[in-house]
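# Results of the structural survey
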Amino acid sequence: MRRRSFGLLAGSLAIPRLAVAAWPDRPISVIVPFPPGGNNDIMARLLAPVVERSIGQPLVIDNRGGGGGTIGAGQAARAAPDGNTLLFADISILAIAPHLFPQLPYGDDSFAPVVRLTEVSLLVGVSKDSSYSSVADLVAAARARPDAVTFATPGNGTAGHLASQLLASLSGTKMTHVPFRGSAPAATELAAGRVDMLIDGTLLPAVQQGQIRALAVTGPSRSPFAPGIPTVAESGVTGYAFLSWHGVAAPRGTPPEIVARLNSAFNAALRDEAIQARARQLGLPLKGGTPEEFAVFIASERAKMGPLVRDSGARVE
């Protein structure tokens, strides 16, 4: 598949001016390309009630999991560019997948970026009864018993998958990947002690409730929402840093006027005090910004993820 850079391309696919003026005239389908319980789903359901009050039509959440998010993303890419379909995308769909999958049901230019929503430091979690009290303990066990330590992920090609592969690569260890269909089932298996580790962005509430123990955060610095948890680099894995993120996109060719209205509505929702309070509880730092800024960010992240995927050894056939 030929790949080109992202851009806000209305072009010949734009809907007529009269239709743009009438938008929105029906409920908007919001494709969440993962099962319920992950951060994409959480953000969609958190923001939808505020955004729909602003634009005057309901936002209908449509969970379409599978393929590390690529199946739902492909469906969104094929939707009519009329402003009535949105994709709650993330780093795995827009930046990682192009380097992991030999073929994708969408291209680099299949979407019009709307707004960046978050920048998330993931948590390295173990069960509350785990014998591992630090990342150093986990790394030592993985070195002593190659492939014996298991790590769960929300699926092949997700941010948690790549973050885990990066940990194994930089620590010189081999661990066994156990993929699940979403964050929620992976966290359930972790809490039950049936897998050894999960790196994910949804774990903070379970950590605060004592169901899961956090060993570290994956970002370059400690999280403002959990300052007592060290970074992976502080825990002995030199050079480790990984941040996830989420954002909203529309099918390529969605008229700029509609993209601008959506961007304004989502930015206003991100400033809502109730949403900000809930985001703090969930450990999800909110971002916002313009469509153009998000487009530039996606391109830079995709360029960054290429070498990272290659060096980590992560592959999805």
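This report concerns the structure included in the present document. A quick note: this is a predicted structure, and the numbers were derived from the prediction, not measured.

## Examining the overall build of the protein chain
The number of helices and strands found in the protein chain is 11 helices and 12 strands. In terms of overall size, the protein chain behaves like a compact globule, its C-alpha atoms giving a radius of gyration of 19 Å where 317 residues would be expected to give roughly 20 Å. Overall, the protein chain is about 65 × 45 × 30 Å in size when its C-alpha atoms are taken along their principal axes. Counting all 317 residues of the protein chain, 57% fall into the buried class.

## What about the sheet that holds strand E8 (residues 176-179)?
Spatially, five strands are ordered E8-E7-E9-E6-E10 in an open sheet, and the strand pairing comes out mixed. Looking at strand neighbours, the two that pair on one side only are E8 and strand E10 (212-217), the edges of this open sheet. Neighbour to neighbour, the strand axes of the sheet diverge by 30° on average, direction disregarded. Where strand E7 (residues 150-153) meets strand E9 (residues 197-200), two bridges bridge the pair, whose relative direction is parallel.

## Looking at the packing of aromatic side chains
Tallying each qualifying case throughout the model produces four aromatic pairs. The interplanar angle of 55° and the centroid separation of 5.7 Å between the aromatic rings of Tyr 106 and Phe 111 together place this pair among those described as tilted. Taken as a pair, Tyr 106 and Phe 111 share a single burial class, namely buried. Arranged with centres 5.1 Å apart and planes meeting at 70°, the rings of Trp 245 and Phe 297 form a pair that is edge-to-face. Here Phe 297 lies in helix H11 (residues 291-312) and Trp 245 lies in the loop between strand E11 (243-244) and strand E12 (246-251), a separation of 52 residues in the sequence. When its relative accessible area of 1% is taken as the criterion, Trp 245 is described as buried.

## Quick word on the environment of Ser 244
Here Ser 244 shows up in strand E11. Take Ser 244: its relative accessible area is 4%, and that puts it in the buried class. The contact partners of Ser 244, leaving out residues within four places of it in the chain, are Ile 91, Glu 119, Val 120, Leu 122 and Ala 159.

## So, the nonpolar core
If you look at the biggest cluster of nonpolar residues, it comprises 87 residues, and the most contacted ones within it are Leu 47, Phe 88, Phe 242 and Phe 266. Top contributing element to this core by residue count: helix H2 (residues 39-55), with eight residues. Those residues within four positions of Leu 47 in sequence are excluded, and the remaining contacts are Phe 88, Leu 117, Phe 266, Ala 269, Leu 270 and Ile 275. With 17 residues, the next largest nonpolar core counts Phe 180, Val 195, Val 207 and Ala 226 among its residues.

## Side note on H11
The α-helix winds at 3.6 residues per turn, so residues separated by three or four positions along the chain end up facing the same way. With 22 residues, H11 should reach 32 Å at 1.5 Å per residue; the first-to-last C-alpha distance of 30 Å fits that figure. Along its length, H11 shows its largest kink, about 25°, at Met 305, and proline Pro 307 lies within four residues downstream of that point. Buried within H11 we find Pro 291, Phe 294, Ala 295, Phe 297, Ile 298, Glu 301, Arg 302, Met 305, Gly 306, Leu 308, Val 309 and Ser 312.

## Description of the sheet that holds strand E2 (residues 59-63)
Pairing between the strands of a sheet is mediated by backbone hydrogen bonds and can be parallel or antiparallel. Read across the open sheet, the five strands follow the order E2-E1-E3-E12-E4; overall the sheet is mixed. Every other strand in the sheet has two partners, leaving E2 and strand E4 (111-116) as the edge strands with one partner each. Strand-to-strand twist across the sheet, computed as the mean angle between neighbouring axes with direction ignored, equals 30°. Where strand E3 (residues 85-90) lies against E12, four bridges are found, and the strand directions are antiparallel. Bridged to Leu 87 within E12 is Ala 249.

## Observations concerning the pairing of E2
Working note: regular strand, side chains alternate between the two faces of the sheet. In the sheet, strand E1 (residues 28-32) pairs with E2 via five bridges, with the strands oriented parallel. Among the inter-strand pairings, Ile 28 is bridged to a residue of E2, identified as Leu 59. Note that the unit made of E1, H2 and E2 has a crossover that is right-handed.

## Comments concerning the environment of Ser 312
Along the polypeptide, Ser 312 turns up in helix H11. When its relative accessible area of 9% is taken as the criterion, Ser 312 is described as buried. When residues no more than four places from it in sequence are discounted, the contact partners of Ser 312 are Leu 162, Gln 165, Leu 166 and Ser 169.

What counts, and at which threshold
Residues numbered from 1 in each chain as written. Predicted model: local features only at pLDDT ≥ 70, side-chain atom pairs only at ≥ 80, totals over all residues. Heavy atoms only, no water. Helix = DSSP H or I, 4+ residues; strand = E, 2+ residues; numbered from the N terminus. Rg over C-alpha atoms; globule rule 2.2 N^0.38 Å. Buried < 20%, exposed > 50% of the residue type's maximum accessible area, 1.4 Å probe, protein only. Pairing = 2+ DSSP bridges. Axes fitted to C-alpha atoms, helices over the stretch in contact; angles between N-to-C directions. Phe/Tyr/Trp six-rings, centres within 6.5 Å; stacked < 30°, edge-to-face > 60°. Contact = heavy atoms within 4.5 Å. Core = buried A, V, L, I, M, F, W, Y, C linked by side-chain atoms within 4.5 Å. Expected span 1.5 Å × (residues − 1). Bend = angle between axes of the 7 residues up to and from the residue. Right-handed = clockwise from strand over helix to strand, strands pointing away.

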